Amino acid sequence: MKLWSGRFSKDTDKLTNDFNSSISFDYRLYKFDILGSIAHAKMLGKCNIISSKDSEKIIAGLNEILIGIENETIEFDSDAEDIHMFIESLLISKIGEAGKKLHTGRSRNDQVALDTRMYVKDEINKINELVVELRKTIVTLADQHTESFMSGYTHLQKAQPTTLAHHLMAYYEMFKRDNNRLDDIYKRTDSMPLGSGAMATTTYKIDRQMVCDLLEFSSLTENSMDSVSDRDYVLELLFAISLIMMHLSRLSEEIILWTTKEFSYIELDDAFSTGSSIMPQKKNPDIAELVRGKTGRVYGNLITMLSIMKALPMAYNKDMQEDKPALFDSIDNVKISLSVFTKMLETSTFNKENLLNNALSGFTNATDLADYLVKKGIPFRTSHEITGKIVAYCILENKTIEQLSLLKLQKFSDKIKNDVYEAISIETCVNNRDVVGGPARIAVSSHIKKAKDQLNS
Ligand code: ARG
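Residues numbered from 1 in each chain as written. Predicted model: local features only at pLDDT ≥ 70, side-chain atom pairs only at ≥ 80, totals over all residues. Heavy atoms only, no water.

Description of the site of the ligand
Piece 1. Around the ligand lies a shell formed by Ser22, Asp26, Asp82, His84, Arg108, Asn109, Val112, Tyr316, Gln321 and Lys324.
Piece 2. Take Asp82: an N or O atom from its side chain is 2.9 Å from a nitrogen atom of the ligand.
Piece 3. Taking Gln321, its side chain carries an N or O atom lying 2.6 Å from a nitrogen atom of the ligand.
Piece 4. Calculation on the ligand without its partners gives an accessible area of 340 Å², and the protein chains cover 86% of this total.
Piece 5. Of the pockets mapped on this structure, the ligand occupies the second largest pocket.
Piece 6. Top contributing element to the shell around the ligand by residue count: helix H6 (residues 108-144), with three residues. (Near = heavy atom within 4 Å. Polar contact = N/O pair within 3.5 Å; in protein donor to acceptor, adjacent residues only side chain to side chain. Areas by Shrake-Rupley, 256 points an atom, 1.4 Å probe, with all protein chains shown as cover. 1 Å grid on protein atoms, 1.4 Å probe; cavity = no way out; pocket = protein on both sides within 12 Å on 5 of 7 lines; lining within 4 Å. Sits in = over half its atoms within 2 Å of the grid points. Helix = DSSP H or I, 4+ residues; strand = E, 2+ residues; numbered from the N terminus.)

What follows is the structure, given as structure tokens:
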């Protein structure tokens, strides 16, 4: 029997019951639902809204239910309307009359808002840890590759030389922002909504601050209508997860390219790649591809939630129950993606020789030749033009710039001297770019040091 069946003269239609029920997914909130109810019951007792004896009975009953669910002696009833009704009904069947007093001064509307906020806070912490692990892996790899020269790209065309460390540390920055963003979202999620009731609080003299302190929230929500109709924290987390996935997806795309025969920059560990059912020679970067694919799915969840919320009138509406499948799916996918991706990255081997060889073709040192001429007194636009002509000549002759003799080079500009070869060598191109944020070993090493300090604090 439904706990709200008083005004009804018929049972709920079976299909309607299934349609309405959310326990198949919101069972995941059980722990927070119980902890929230325990805090609520303590407060009701302390404020003499229920007797302290009833309060104690309720708390003992809820603790037993928590243990029962955790050791799997209690199973979720798939016919229950939702996790909140399931636990309350169970409590009543366990402890009788006292159990019927738990819901005093409370609504499922503020209850689900509380549970979801507690759940989101907990998951933010878990995702944060996984992002930190990935950042550590990136820093460790970068540290090994401050002298691994490679070509940088713009428009996926060879641009200028850099190092693998510099390239990887770009991702470090992205994931650092992801951690910061999650911390920021945590602060806004950390407001306690219970006491908002269905939408207009309650006439009982409740103590919201006590519940807030018991559940370790940092503040109270300030408007009861907003409290029960707000899902910004769900949306913000869905967005933060979308960005994490987008960052993972970009690195995945590069890894997919880098494992091709054409690039051959990277060899994935056998344990983190897969074969083909037909082509015996294949070793595929499935993890990276799946991460890239799941990114689309996670974006979908964000759009789902934005669409659910876009025209909801004040205050709670049942539409909002649809927040959870989207939220849970994104959380599951970002966590598994981060975990597997980090292991894959950690165990992959980079081929320094191929990285270097690829940087030696494609005139990645052309900017440096132009800059060399500027340092010899030629205006940049003119040196750009001269260098362009040298590149065009090299293309015709199928040579690199440094393969041209000094005599040949001087045909383009008599300012070119023997020191040009040193000036346009890949080591110089990289290590002279020692500006903050640049690829020089000294610059990247100081970035790496800073990163290590951040990760240790
Ligand atoms: N299962 C509901 C949800 O997730 C709980 C709140 C239901 N409130 C209500 N008045 N029907 O949103």
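Some remarks on the packing of aromatic side chains
Piece 1. Applying the stated criterion to the full structure yields eleven aromatic pairs.
Piece 2. On the basis of an interplanar angle of 50° and a centroid distance of 6.2 Å, the ring pair of Tyr153 and Phe263 is categorised as tilted. Within this pair, whereas Tyr153 is found in strand E1 (residues 149-154), its partner Phe263 is found in the loop between helix H10 (232-258) and strand E5 (266-267), the two being separated by 110 residues in sequence.
Piece 3. Judged by centre distance (5.7 Å) and plane angle (50°), the rings of Trp258 and Tyr265 are tilted.
Piece 4. Counting every residue linked through ring pairs, the aromatic cluster contains Tyr153, Trp258, Phe263, Tyr265 and Phe350.
Piece 5. Across the ring face of Phe8, the terminal group of Arg7 is positioned such that the distance to the ring centre comes to 5.7 Å.
Piece 6. The ring of Phe217 carries the charged tip of Lys121 above its face, separated from the ring centre by 3.8 Å. (Phe/Tyr/Trp six-rings, centres within 6.5 Å; stacked < 30°, edge-to-face > 60°. Lys NZ or Arg CZ within 6 Å of the ring centre and 35° of its normal.)

A few points about a nonpolar patch on the surface
Piece 1. The grouping of Met199, Met225 and Met314 at the surface amounts to a nonpolar patch, some 270 Å² of accessible area in total.
Piece 2. Along the chain, Met199 falls in the loop between strand E3 (191-192) and helix H8 (208-214).
Piece 3. Judged by relative accessible area, Met199 falls into the partly exposed class, the value being 36%. (Patch = residues over 30% accessible without salt bridge, like charges linked within 9 Å, V, L, I, M, F, W, Y side chains within 5 Å. Salt bridge = Lys/Arg side-chain N within 4 Å of Asp/Glu carboxyl O. Buried < 20%, exposed > 50% of the residue type's maximum accessible area, 1.4 Å probe, protein only.)

Description of the pairing of strand E2 (residues 157-163)
Piece 1. Strand direction decides the pairing type here: E1 and E2, joined by five bridges, are antiparallel. Bridging from a neighbouring strand, Tyr153 pairs with Lys158 of E2.
Piece 2. Linking two consecutive strands that pair antiparallel, namely E1 and E2, is a turn of two residues; a positive phi of about 55° is found at His155 within it. (Pairing = 2+ DSSP bridges.)

Re the pattern of salt bridges
Piece 1. Summed over the entire model, instances satisfying the criterion amount to 33 salt bridges.
Piece 2. A salt bridge links Glu173 to Lys176; the nearest nitrogen and oxygen atoms lie 3.0 Å apart. On the criterion of helical spacing, the pair formed by Glu173 and Lys176 is a turn pair, its members being three residues apart in helix H7 (residues 164-189).
Piece 3. One continuous salt-bridge network, built from bridges that share partners, spans Glu81, Asp82, Arg108 and Lys318.

A look at the layout of surface pockets
Piece 1. Quantified by volume, the largest pocket comes out at close to 540 Å³.
Piece 2. Along the wall of the largest pocket there are 23 residues; nearest its centre are Gly152, Tyr153, Thr154, His167 and Glu254.
Piece 3. Listing elements by their share of the lining of the largest pocket, those giving two or more residues are E1, E2, H7 and H10.
Piece 4. In terms of residue class, the lining of the largest pocket is built from twelve nonpolar, seven polar and four charged.
Piece 5. Considering only enclosed or pocket space, the second largest pocket measures out at about 340 Å³ in volume.
Piece 6. Around the second largest pocket, the lining is made up of 18 residues, and of these Glu81, Asp82, Met85, Arg108 and Asn109 lie nearest the centre. (Points joined across faces, edges and corners; volume = space filled by probe spheres on them. Nonpolar A, V, L, I, M, F, W, Y, C, P; charged D, E, K, R; others polar.)

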